[in-house]
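Next come the chains, spelled out residue by residue.
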Amino acid sequence: MAETAPTSFIHRESTLDSAVKGWAMYLEDQGKSPHTIKAFTADIRLLEEFLPDGHKIGTVTTAQLNDFLEWLQDGRGVPCSPKTLARRITSVKALFRWLHGGGVLLVDPAEKVVQKSVISPIPVILTPAEVDSALTAADGFRQGNSPDHRHYTLLLLLLTTGLKKSEVLNLRTEHIDLEAPQGPTLFVQYPSAQHRYKERKIALTEDWIEAYRRYLPTVDSTSGVFAWSPRRLEYLLEDVSDTAGLDKHISFAMCRWTCALMDLRAGVEPNKIRQKLGISKIQFREISMKLEKLDRSTPK
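Source: prediction; values computed, not measured. (Residues numbered from 1 in each chain as written. Predicted model: local features only at pLDDT ≥ 70, side-chain atom pairs only at ≥ 80, totals over all residues. Heavy atoms only, no water.)

**As for the packing of aromatic side chains**
Throughout the structure, instances matching the rule amount to seven aromatic pairs. Taking the centre distance of 4.8 Å and the plane angle of 15° together, the rings of Trp208 and Tyr212 count as stacked. One end of the pair, Trp208, and the other, Tyr212, are both in helix H8 (residues 206-215), four residues apart, so they sit about a helical turn from each other. Take Tyr212: its relative accessible area is 3%, and that puts it in the buried class. Counting every residue linked through ring pairs, the aromatic cluster contains Phe50, Phe68 and Trp71. A cation over a ring is seen here: Arg142 above Tyr152, with NZ or CZ 4.0 Å from the ring centre. (Phe/Tyr/Trp six-rings, centres within 6.5 Å; stacked < 30°, edge-to-face > 60°. Helix = DSSP H or I, 4+ residues; strand = E, 2+ residues; numbered from the N terminus. Buried < 20%, exposed > 50% of the residue type's maximum accessible area, 1.4 Å probe, protein only. Lys NZ or Arg CZ within 6 Å of the ring centre and 35° of its normal.)

Rendered as structure tokens:
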């Protein structure tokens, strides 16, 4: 299906500025997040900076776009990582594909611009020995005269469910069903309809259920299960890292990758790992490659 411009004021004699404004309206109508729209339009603003003032979109050529990409890498004087460059190429291609699909341009000058895919570095994970040390350290916070159950309950949740930070912050007591017919379940929900495809149910382990029952009396049922700021939750994980004497700084992302790798090594089918993480099949292609490398290169 052709991508249709939401306004009629854009034509081949329009400036890049007008095209960007119309494109931003289109992206908003398509339900793209403000962050995505801001990043994409900022990329095109750089193209606007590179081209002569008042340059008409109908006269933009493939050669100019390739020169623009070379300028980003070598001529602008500002570092441009491979990942950032790949996103900027995506932005340029998306804008001109939209203009061509809407009939504004007869030829898409970005069609022959080579897309550069980037595979980000292999993530850092916790080894099995480090997982044991971290859980032992986290359990220590539950002992003594003033027990604090947050560290252990949070860490074990991350290592067994692979939840993202935003999903933990959104977690409420009603999302946890300890009496579900199929077994205790955590329901990952999203407030925005745009992200409903990420919603999923994750089975809970007996160890975490025991920790949660001990932690639950400290939770305000009207608030989230972990009703603190993102930074406060990060501090809890840092406390565990320091107490365990780890060189690594435990993070949400580190726990998510560790969870996925532990599932892979436990024989869980890759598609079930994908569903547990709540990601698309396309996203999982790169992730599965990284998991295989981690499996081969890290202690078991």
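Next comes the rest of the write-up.
**Some remarks on the sheet that holds strand E3 (residues 200-203)**
Spatially, three strands are ordered E1-E2-E3 in an open sheet, and the strand pairing comes out antiparallel. Each edge of the open sheet carries a strand with a single partner, namely strand E1 (176-177) and E3. (Pairing = 2+ DSSP bridges.)

**With respect to helix H4 (residues 82-101)**
With 20 residues, H4 extends 28 Å from end C-alpha to end C-alpha; this agrees with the ideal 28 Å at 1.5 Å per step. Of the residues making up H4, those classed as buried are Leu85, Ala86, Arg88, Ile89, Ser91, Val92, Lys93, Ala94, Leu95, Phe96, Trp98 and Leu99. For H4, the secondary structure elements touched by its buried residues are helix H1 (16-29), helix H2 (34-50) and helix H3 (62-75). Two residues or fewer past H4, Gly103 is found with a positive phi of approximately 85°. (Expected span 1.5 Å × (residues − 1). Contact = heavy atoms within 4.5 Å.)

**Quick look at the packing of H2 against H3**
Running from N to C, H2 and H3 cross one another at 105°; their axes reach a closest spacing of 10 Å. Comparing their axes, H3 and H2 come out roughly perpendicular. Along its contact with H2, which presents Asp43, Leu46, Leu47, Glu49 and Phe50, the element H3 presents Gln64, Leu65, Asp67, Phe68, Trp71 and Leu72. Its residues assigned to classes, the contact of H2 with H3 comprises seven nonpolar, one polar and three charged. (Axes fitted to C-alpha atoms, helices over the stretch in contact; angles between N-to-C directions. Parallel < 35°, antiparallel > 145°, perpendicular 65-115°, else oblique. Nonpolar A, V, L, I, M, F, W, Y, C, P; charged D, E, K, R; others polar.)

**Description of the nonpolar core**
In terms of nonpolar packing, the biggest core is built from 40 residues, with Leu154, Leu155, Val168, Ile176, Leu186, Phe226 and Ile250 touching the most fellow members. Of all the secondary structure elements, the ones that give two or more residues to this core are helix H5 (128-140), helix H6 (150-161), strand E2 (185-188), H8, helix H9 (230-244) and helix H10 (252-265). The leading source of residues in this core is H6, at seven residues. Among the nonpolar cores identified, the runner-up in size contains 34 residues, and Ile10, Ile44, Leu51 and Trp71 belong to it. (Core = buried A, V, L, I, M, F, W, Y, C linked by side-chain atoms within 4.5 Å.)

**As for the side chain of Asp43**
Along the chain, the position of Asp43 falls in helix H2. In this structure Asp43 comes out as buried when scored by relative accessible area, which is 1%. Residue contacts for Asp43: discarding those within four places in its chain leaves Phe68, Arg87, Arg88 and Ser91.

**Things to note about the confidence of the model for the chain**
Here the chain shows a mean pLDDT of 91. Residues at 70 or above account for 95%. Low confidence marks residues 1-7, where pLDDT is under 50. Its contacts with residues over four positions away, or in another chain, come to 17 contacts. (pLDDT = per-residue confidence, 0-100.)

**Description of empty space enclosed by the protein**
Tallying each qualifying case throughout the model produces one cavity of 30 Å³ or more. Lining of the largest cavity is provided by Leu163, Glu167, Asn170, Leu171, His175, Leu186, Phe187, Val188 and Gln189. Per-element tally for the lining of the largest cavity: the top contributor is E2, with three residues. Split by residue class, the lining of the largest cavity holds five nonpolar, three polar and one charged. (1 Å grid on protein atoms, 1.4 Å probe; cavity = no way out; pocket = protein on both sides within 12 Å on 5 of 7 lines; lining within 4 Å. Points joined across faces, edges and corners; volume = space filled by probe spheres on them.)

**Some thoughts on the pairing of E3**
Only one face of E3 is buried: it carries Arg200 and Ile202, and the other face, with Lys201 and Ala203, is open. Note that E2 and E3 share four bridges and pair antiparallel. Within E3, the position partnered with Thr185 by the bridge is Ala203.

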